[in-house]
Amino acid sequence: MATIIGVRFKGAGKVYYFDPNGEQLNTGDYVIVETARGTECGIVTFGNREINGEGVDRSLKKIIRVATKEDVARFEENRMKEKRAYDICLKKISDRKLKMKLVSVEYTFDNNKILFYFTADGRVDFRELVKDLAGIFRTRIELRQIGVRDEAKMLGGLGICGREFCCKGFLADFQPVSIKMAKEQGMSLNPVKISGTCGRLMCCLKYEQDVYSELLKITPKIGAIVTTPDGKGTVVDQNIIKGILNVSLQKNPDAPPKAYKVGDVKLIKDAQIKVNKNEREELRGLEE
């Protein structure tokens, strides 16, 4: 058995695993660890946990120490310095008329580097901006271009559901979502209804996809040919969750579709759910 802890460096960022180095740690504790970016201060997301040693990476790093009061004070001071750096960078971007949107600024714990995160429609020549910032802050400067999903995760906000963005609140990593998911779940392919504030498909489309995938295996799809107690017909609508199908009967095609339970019909020929060319063209940007 091996003992690990989970450490996070951002609000809803990825959780990294470390060896507690003999310390007994609890959720919310601050620790100093060595990362690819250098020495960092992180917050423990879960305390000491015993796991099967076979599943532990042999290169799992030990924490350097439990953060002292001075460490926490520096950590908080860096957050304040980030606000000043943000304002300065914003002014320099405006002065140089660069087509980029500054999103966030982050100091490394040891102050050896400042990272500026931005979005832009294309590539931006920010070499002169880096020189400006290096001259002011006298430390290493790194500018990173991020996508609109990452921007939403950093800034946060409220979704159309009225709750905090999932990516800001609890999602450690973005899960792949597709237009086909929305179609399989019977949602209107209206960009306003299936996209988040970031302008991309809502992350929550992923949450129920496994259930819909299983139900679609036993539910005739729209366009399927089925046999009902009243004869053959074509499925024109469905409620996958309730297991209800609306079927247009061949013997009376002009009559309104009739509702049947999935268990009361027999499948003759199933249909396929496809995103047609026009739909994909119209919604092209939502999957990027």
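Here is a short report on the structure shown in this document. Bear in mind that the values here come from a model prediction, so they are computed numbers and not experimental data.

Brief notes about the overall build of the protein
Move 1: For the protein, the count of helices and strands is eight helices and 13 strands.
Move 2: Expected size for 288 residues packed as a compact globule is a radius of gyration near 19 Å; at 26 Å, the protein overshoots this value by more than 25%.
Move 3: Counting all 288 residues of the protein, 37% fall into the buried class.
Move 4: A separation threshold of at least 6 residues defines the contact pool for the protein, and within that pool the share at least 24 residues apart is 58%.

A word on the nonpolar core
Move 1: Counting 18 residues, the largest nonpolar core has Met100, Phe116, Leu133, Phe137 and Leu143 as its most contacted members.
Move 2: Ranked by residue count, the leading element in this core is helix H1 (residues 69-95), at four residues.

Let's talk about the pairing of strand E3 (residues 30-35)
Move 1: Sheet topology note: the E3/strand E4 (residues 38-51) ladder contains six bridges and is antiparallel. Directly across from valine 31, in E4, lies its bridge partner glycine 42.
Move 2: The pairing of E3 with strand E5 (residues 65-66) spans two bridges and is antiparallel. Bridge pairing in E5 links valine 31 to valine 66.

Brief notes about unusual backbone geometry
Move 1: For asparagine 21, which is not glycine, the phi dihedral falls at a positive 55 degrees.
Move 2: Positionally, asparagine 21 belongs in the loop between strand E2 (15-18) and E3.
Move 3: A positive phi angle, close to 55 degrees, is found at arginine 138, a residue other than glycine.
Move 4: Assignment of secondary structure puts arginine 138 in the loop between helix H2 (127-137) and strand E8 (140-145).
Move 5: Judged by its relative accessible area of 71%, arginine 138 is exposed.

Notes on the packing of aromatic side chains
Move 1: In this structure the tally under the stated criterion is six aromatic pairs.
Move 2: On the numbers, 5.7 Å between centres and 75 degrees between planes, the contact of phenylalanine 118 with phenylalanine 126 is edge-to-face.
Move 3: When the ring of phenylalanine 170 is compared with that of tyrosine 207, the centres are 6.5 Å apart and the planes differ by 40 degrees; the resulting orientation is tilted. Placement of the pair is phenylalanine 170 in the loop between helix H4 (166-169) and helix H5 (179-184) and tyrosine 207 in the loop between helix H6 (191-194) and helix H7 (209-218), with a sequence separation of 37 residues.
Move 4: Tyrosine 207 sits in the partly exposed class, given a relative accessible area of 41%.
Move 5: The ring of phenylalanine 75 is capped by arginine 79, whose NZ or CZ atom sits 4.5 Å from the centre of that ring.
Move 6: The lysine or arginine in question, lysine 153, covers the ring of phenylalanine 174, its NZ or CZ lying 5.7 Å from the ring centre.

A look at the side chain of glutamate 279
Move 1: Tracing the backbone shows glutamate 279 in helix H8 (residues 277-282).
Move 2: With residues near it in sequence (within four places) discarded, glutamate 279 still touches Lys183, Leu189 and Lys274.

Some details on the pattern of salt bridges
Move 1: Taken as a whole and judged by the stated rule, the model has 13 salt bridges.
Move 2: Note that lysine 131 and glutamate 128 form a salt bridge whose closest N and O atoms lie 3.4 Å from each other. Taken together, the positions of lysine 131 and glutamate 128, both in helix H2 and three residues apart, correspond to about one turn of that helix.
Move 3: Under the relative-accessibility criterion, lysine 131 is labelled exposed at 54%.

A look at the sheet that holds strand E13 (residues 266-269)
Move 1: Pairing is antiparallel in the open sheet, where five strands are placed in the order E12-E11-E10-E9-E13. On the outer flanks of this sheet lie strand E12 (258-261) and E13, each paired with one strand and no other. For this sheet, the mean angle separating the axes of adjacent strands, direction not counted, is 45 degrees.
Move 2: Where strand E9 (residues 225-228) meets E13, three bridges bridge the pair, whose relative direction is antiparallel. Bridge pairing in E13 links isoleucine 225 to lysine 269.

Criteria and thresholds
- Residues numbered from 1 in each chain as written.
- Predicted model: local features only at pLDDT ≥ 70, side-chain atom pairs only at ≥ 80, totals over all residues.
- Heavy atoms only, no water.
- Helix = DSSP H or I, 4+ residues; strand = E, 2+ residues; numbered from the N terminus.
- Rg over C-alpha atoms; globule rule 2.2 N^0.38 Å.
- Buried < 20%, exposed > 50% of the residue type's maximum accessible area, 1.4 Å probe, protein only.
- Contact = heavy atoms within 4.5 Å.
- Core = buried A, V, L, I, M, F, W, Y, C linked by side-chain atoms within 4.5 Å.
- Pairing = 2+ DSSP bridges.
- Phe/Tyr/Trp six-rings, centres within 6.5 Å; stacked < 30°, edge-to-face > 60°.
- Lys NZ or Arg CZ within 6 Å of the ring centre and 35° of its normal.
- Salt bridge = Lys/Arg side-chain N within 4 Å of Asp/Glu carboxyl O.
- Axes fitted to C-alpha atoms, helices over the stretch in contact; angles between N-to-C directions.

Geometric values such as these leave the question of function open.
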